[in-house]
Amino acid sequence: MAFEPPPRLVRALGETPGGADTDDWLRSLPGLVDEAVAGLGLTVERVQVPGGRSSLVVLVRRADGTPAVLKLVPPRSRPASERAALAHWGGLGAVRLLDAAAADGVLLIERLQRDVSVRSLPEAKSMLEAAGTLRRLWVAPPDGHRFETVAERTGRQAEAMRACADPEVTPLVDAALAARAELLADAPEDRLLHGTFRQSKVLAAERVPWLAVGPDPVVGECAFDLARLVRDRVEDLIATPSGAAVTRRRVKRLAESLDVEQERLRGWTLFRAVESGVRALRVGRDQDAELLLEFAGWL
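My aim in this report is to walk through the structure given alongside it, one point at a time.

What counts, and at which threshold
Residues numbered from 1 in each chain as written. Predicted model: local features only at pLDDT ≥ 70, side-chain atom pairs only at ≥ 80, totals over all residues. Heavy atoms only, no water. Helix = DSSP H or I, 4+ residues; strand = E, 2+ residues; numbered from the N terminus. Rg over C-alpha atoms; globule rule 2.2 N^0.38 Å. Buried < 20%, exposed > 50% of the residue type's maximum accessible area, 1.4 Å probe, protein only. Contact = heavy atoms within 4.5 Å. Pairing = 2+ DSSP bridges. Axes fitted to C-alpha atoms, helices over the stretch in contact; angles between N-to-C directions. Parallel < 35°, antiparallel > 145°, perpendicular 65-115°, else oblique. Left-handed = near helix turned anticlockwise from the far one by under 90°. Nonpolar A, V, L, I, M, F, W, Y, C, P; charged D, E, K, R; others polar.

A tally of regular secondary structure across the chain gives 11 helices and nine strands. Computed over its C-alpha atoms, the radius of gyration of the chain comes to 19 Å, within 12% of the 19 Å expected for a compact globule of 299 residues. For the C-alpha atoms alone, the extent of the chain along its principal axes is close to 55 × 40 × 40 Å. Burial statistics for the chain: of 299 residues in total, 51% are counted as buried. Excluding contacts between residues fewer than 6 apart, the proportion of contacts in the chain whose partners are at least 24 apart in sequence is 70%.

Next up on the list: the sheet that holds strand β8 (residues 210-212). Strand order in the open sheet formed by three strands is β5-β7-β8, and the pairing between neighbours is antiparallel. On the outer flanks of this sheet lie β5 (113-117) and β8, each paired with one strand and no other. In this sheet, adjacent strand axes meet at a mean angle of 55° when their direction is disregarded. Where β5 meets strand β7 (residues 202-204), two bridges bridge the pair, whose relative direction is antiparallel. Considered in β7, the bridge of Ser117 is made with Leu203. Sheet strands in contact with helix α4 (residues 123-137) are β7 and β8, and its direction is about 55° off that of β8.

Looking now at the sheet that holds strand β2 (residues 56-61). The strand order across the open sheet formed by four strands is β1-β2-β3-β4, and the pairing between neighbours is antiparallel. Each end of this open sheet is capped by a strand with a single partner; those strands are β1 (43-47) and β4 (106-110). Strand-to-strand twist in this sheet, taken as the mean axis angle between neighbours without regard to direction, amounts to 30°. The strands that helix α3 (residues 79-89) touches are β3 (67-72) and β4; relative to β4, the one it contacts most, it runs at about 30°.

With that out of the way, let us pick up the packing of helix α7 (residues 222-230) against helix α9 (residues 243-257). Packed helix pairs are characterised by how far apart their axes lie and by the angle those axes make with each other. Axis separation between α7 and α9 bottoms out at 10 Å; the angle between their running directions is 140°. Put simply, α7 runs oblique to α9. For the pair α7 and α9, the crossing hand works out as right-handed. Along its contact with α7, which presents Leu226, Leu229 and Val230, the element α9 presents Arg250, Val251, Leu254 and Ala255. Residues of the contact of α7 with α9, tallied by class, amount to six nonpolar, no polar and one charged.

Any functional reading would require information beyond the geometric quantities listed.
In structure tokens, the structure reads:
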């Protein structure tokens, strides 16, 4: 299958560590798609554009004509972890895995309405539906799991944050790192988490109204997962004169609706916003960094 990887995917992968391995994966994509299509007996319809930021998304049909989605995921994006999480959820709250035995880096999943996410709903309704979907994903991890933990993931992120040389950002970094240390010292019961949950990750489906896609699963406390949802539509929050007050109310409402401690949700929201802001600075996305760090300052 001859094609060029979508620019969005190439750009996003270029902003994250990977170097030569990522370049090699991008160059090998046409061959990897051909192998997966032949091995799984699929018919290709088209490559999804703009597609995802961490995987190639191909719309396909199975041998019986059932529509499906073929995902090709680079090793740096932990495809085995995504497959294991989808298998454990078994279609409850998340997209259903259709072939658990596919080759490494290949995921065959049910097709959802990729152009319709809960983000298309009015804000209050979108938050309600997103939160309800997230609640269904919070289950006990399987025995002997090999998922990354919140402590491990945020530990790597903390190291990168400490390397930030911008003195204007240092107070926020210090506050975020202090919040992380306090939160990890007394963490609640572990759950399997989506890991990168936001409104755009919840798509319309046929068997149920909404299902989550694209997890980067992690095991830890629920407040960590919910924290990313707090800052959804951050550009709208920043543009609102009462954005800081709206943010604090959002933290309170989400914490209460999902039985999460409000102060723990605030702490993880701070850490994740600062981490994302510092990462945006590092790759030259200055406008995104400004929005994220201003948001973090409200917390």
